[in-house]
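# Coordinate inspection notes
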Amino acid sequence: MTPDLPAILARLQAALPAAGLVHLRNPGPAAQDSLLVAHDSLVAVCQTLRDTPELAFDFLSNVSGVDWPEPAKADAVAVPPEGTAPAAGGFLEVVYHLYSTARRCGPLVLRARTLDRQAQVFVPSVVAVYRSADYQEREIFDLFGVIFTGHPDLRRILMWEEFVDHPMRKDYVAPDDYEYEPTPHDAVLEKAKLHYPAKPEI
Amino acid sequence: MAIDQKLAEDLKSQGVHVTSFESLINWGRSSSLWPMQFGLACCAIEMIAATMAKYDMARFGAEVFRPSPRQADLMIVAGTVTKKMAPQVVRLYNQMAEPKYVIAMGACAISGGPFKDGYNVLKGIDRFIPVDVSIPGCPPRPEALLHGLMTLQKKIAKEKLMGSSRARHADPNGPGDLPVPAFGPHDLEPTFNPDVWNPPAITRDASES
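A brief structural summary. Just so you know, these numbers come straight off a predicted model, no measurement behind them.

What counts, and at which threshold
Residues numbered from 1 in each chain as written. Chains lettered and ligands numbered in written order. Predicted model: local features only at pLDDT ≥ 70, side-chain atom pairs only at ≥ 80, totals over all residues. Heavy atoms only, no water. Helix = DSSP H or I, 4+ residues; strand = E, 2+ residues; numbered from the N terminus. Buried < 20%, exposed > 50% of the residue type's maximum accessible area, 1.4 Å probe, protein only. Contact = heavy atoms within 4.5 Å. Areas by Shrake-Rupley, 256 points an atom, 1.4 Å probe, with all protein chains shown as cover. Lys, Arg positive; Asp, Glu negative; His and termini not counted. Charge placed at Lys NZ, Arg CZ, Asp CG, Glu CD. Pairing = 2+ DSSP bridges. Salt bridge = Lys/Arg side-chain N within 4 Å of Asp/Glu carboxyl O. Polar contact = N/O pair within 3.5 Å; in protein donor to acceptor, adjacent residues only side chain to side chain. Patch = residues over 30% accessible without salt bridge, like charges linked within 9 Å, V, L, I, M, F, W, Y side chains within 5 Å. Core = buried A, V, L, I, M, F, W, Y, C linked by side-chain atoms within 4.5 Å. Buried area = accessible area lost by both parts, 1.4 Å probe. Axes fitted to C-alpha atoms, helices over the stretch in contact; angles between N-to-C directions. Right-handed = clockwise from strand over helix to strand, strands pointing away.

## Comments concerning the overall build of chain B
- A tally of helices and strands in chain B yields six helices and five strands.
- Along the three orthogonal principal directions, the C-alpha set of chain B runs to about 65 × 45 × 40 Å.
- Counting the 209 residues in chain B, one finds 39% classified as buried.
- If you take every contact in chain B between residues at least 6 apart in sequence, the share linking residues at least 24 apart comes to 74%.
- Surface summary for chain B: the accessible area is close to 11,100 Å², and the carbon and sulfur share equals 58%.
- Charged side chains in chain B number 22 positive and 21 negative. The centres of these two groups are separated by 3 Å.

## What to know about the pairing of strand S4 (residues 91-100) of chain A
Residues and elements named next belong to chain A.
- Within S4, nine of the ten residues are buried, which leaves it mostly tucked inside the rest of the structure.
- By the bridge criterion, nine bridges tie strand S3 (residues 59-68) to S4 in an arrangement that is antiparallel. In the sheet register, Trp68 faces S4, and the bridge partner there is Phe91.
- Of the strand pairs in this sheet, S4 and strand S5 (residues 105-113) are connected by seven bridges, and their pairing is antiparallel. Its bridge partner lying in S5, Ser100 is registered against Cys105.
- Here S4 hands over to S5 after four residues, with Arg104 in that stretch at a positive phi of 50 degrees.

## A short note on the pattern of salt bridges
- Tallying each qualifying case throughout the model produces 17 salt bridges over all chains.
- Across the pair Asp10 of chain B and Lys6 of chain B runs a salt bridge whose closest N-O atoms are separated by 3.6 Å. Residue Asp10 of chain B and its partner Lys6 of chain B are both found in helix H1 (residues 5-13); the two are separated by four residues, about one turn of the helix.
- Taking the relative accessible area as the measure of exposure, Asp10 of chain B reaches 40% and is therefore partly exposed.
- One network of salt bridges, in which partners are shared, links Asp67, Arg117 and Asp171 of chain A.

## A word on the side chain of His169 of chain B
Residues and elements named next belong to chain B.
- By the element assignment, His169 lies in the loop between helix H6 (142-157) and strand S4 (182-183).
- A polar side-chain atom of His169 sits 2.9 Å from a polar atom in the side chain of Glu159.
- If sequence neighbours within four positions are ignored, His169 has contacts with Arg29, Glu98, Pro99, Tyr101, Glu159 and Leu161.

## Considering a nonpolar patch on the surface
Residue and element names in this part refer to chain B.
- There is a patch of nonpolar side chains on the surface, built from Phe21, Leu24, Ile25 and Trp27 and spanning about 490 Å² of accessible area.
- By the element assignment, Phe21 lies in helix H2 (residues 21-30).
- Among the residues examined, Phe21 registers a relative accessible area of 70% and is labelled exposed.

## Concerning the nonpolar core
- Ranked by internal contacts, the top residues of the largest apolar core, which has 41 residues, are Leu49, Phe57, Tyr96 and Leu110 of chain A.
- Those elements that place two or more of their residues in this core are helix H1 (5-15), strand S2 (34-37), helix H2 (42-51), S3, S4, S5 and helix H4 (133-144) of chain A.
- The next biggest cluster of nonpolar side chains, apart from the first, holds 23 residues, and it includes Leu33, Ala44, Tyr101 and Met105 of chain B.

## Re the environment of Tyr180 of chain A
Residue and element names in this part refer to chain A.
- Its location among the elements puts Tyr180 in the loop between strand S7 (147-149) and helix H5 (186-195).
- Relative accessible area serves as the criterion here: at 37%, Tyr180 is assigned to the partly exposed category.
- Along the primary structure Tyr180 and Ala19 are separated by 161 residues, whereas in three dimensions their C-alpha atoms are 55 Å apart.

## Observations regarding the interface of chain A and chain B
- Chain A puts 26 residues into the contact, and the matching count from chain B is 22 residues.
- Of the roughly 2,300 Å² buried between chain A and chain B, counting both surfaces, carbon and sulfur atoms make up 59%.
- It is Trp160, Glu179 and Lys199 of chain A in chain A that bury the most area against chain B; as a group they hold 30% of the surface buried on that side.
- Viewed at the interface, chain B and chain A are joined by zero salt bridges.
- Linking chain A to chain B there are five residue pairs in polar contact (both at pLDDT 80 or more).

## Remarks on the sheet that holds strand S3 (residues 133-135) of chain B
All names here are of chain B.
- Read across the sheet, three strands follow the order S1-S2-S3 without closing on themselves; strand pairing throughout is parallel. Only two strands of the sheet have a single neighbouring strand rather than two, namely strand S1 (74-78) and S3. The average angle at which neighbouring strand axes cross in this sheet is 15 degrees, direction not considered.
- Contacts from helix H3 (residues 43-51) reach S1 and strand S2 (101-105), with the element oriented near 130 degrees to S1.

## Some points on the sheet that holds strand S1 (residues 21-24) of chain A
Residues and elements named next belong to chain A.
- With mixed pairing, five strands are arranged side by side in an open sheet as S1-S2-S5-S4-S3. Among the strands making up the open sheet, the edge pair consists of S1 and S3. The sheet shows a mean angle of 25 degrees between the axes of neighbouring strands, taken without regard to direction.
- Lying on the sheet, H1 is in contact with S1, S2 and S5; it crosses S1 at an angle near 175 degrees.

## Notes on the pairing of S1 of chain B
Residue and element names in this part refer to chain B.
- The element S1 is extensively covered by neighbouring structure, given that five of its five residues are classed as buried.
- Residues Leu74, Ile76 and Ala78 of S1 are buried on one face, and the alternating residues Met75 and Val77, pointing to the opposite face, are buried as well.
- Two strands pair when backbone bridges link them, and S1 and S2 are joined in this way by five bridges, in the parallel orientation. Bridging from a neighbouring strand, Ala78 pairs with Met105 of S2.
- Where the polypeptide runs from S1 across helix H4 (residues 86-95) and back to S2, its parallel neighbour, the crossover connection is right-handed.

## Structural notes on the environment of Tyr101 of chain B
- Along the chain, the position of Tyr101 of chain B falls in strand S2.
- Beyond its immediate chain neighbours, meaning those up to four positions away, Tyr101 of chain B contacts Arg29, Leu33, Asp73, Leu74, Met75, Met96, Asp132, Leu152, Ile156, Glu159 and His169 of chain B.

Here it is as structure tokens:
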């Protein structure tokens, strides 16, 4: 069962009047709307969603990261209400999928966004509310570079400790370790051409 | 030293077996290959299936998967080797006692497979450790693993224990521990062991555009 997002939003706004919650519309065939949650209210919103008996979102199924170097593309898939000013620059986004096993309903999609992609890459950790967020937040920190404030053990989880950079960011450039490919094509062919020796003289 | 086949047959009919120490030792080694018990990805599931009753790797004397590298003769690299895992695989190889053999099972262990261009996938374990048999497939079926094992047994049966072409484990000046790669800021350092493997040279002919 898909949760009734306007009703949940109204209930959250009644419980947390100061929470900056925005209903983002999904124009695609899935029509899976989501709630954009401001940083300072994220943990309180999760706490309310979990502990209010009528909501009872007791299960955080998934936490994923998204890199949006161009904010217009984010606004195309998660459409903000009319009159919202578009974001000035790119940002990183963390998406939470909440389910209620008690009410057999879900997913409720929450989004939290960083201020930019370079310095202000902070999002509060929800590990205190949902323990299952622990490793997934570490993975997002590892691959996207989102720093989860309040996480008990924020270390890399997939890449090694000495690794620098965050490989799932769209502007990540892997080291050029091209060696040989018997049948190169597409992107690999472009890479291969950079390594071909000079064409022999005829 | 060759044995007269006719004489050997005659003696066999009298109940006397004649063979060379080399054949005997190689027969013993190839018939009791104890693999190391470790799997890295989905190929390991096929490796497990190969040991179970339906495919029964025990028929080839290789069912005793050892949980310690000290007791293992054969390392079956079954699955994707990530760059994070590669130093541990090399370290385990170093901990195995000679004679030791390596089977690279599946596309990933051979070349990186479908993940070759990934940022965290090693493009083949043969970059760091010498591989005796490569089994292509994604994943290879248990029959393919059995065929790879039999190929290795045939290879062991031909090993020389003396002379200039003797096997690595019979050579006192053979290589010792292989260097374990270190974690660098983006890749392993070094990215391959030049004593074991070198990248193929890229050649072009004039007809190419």
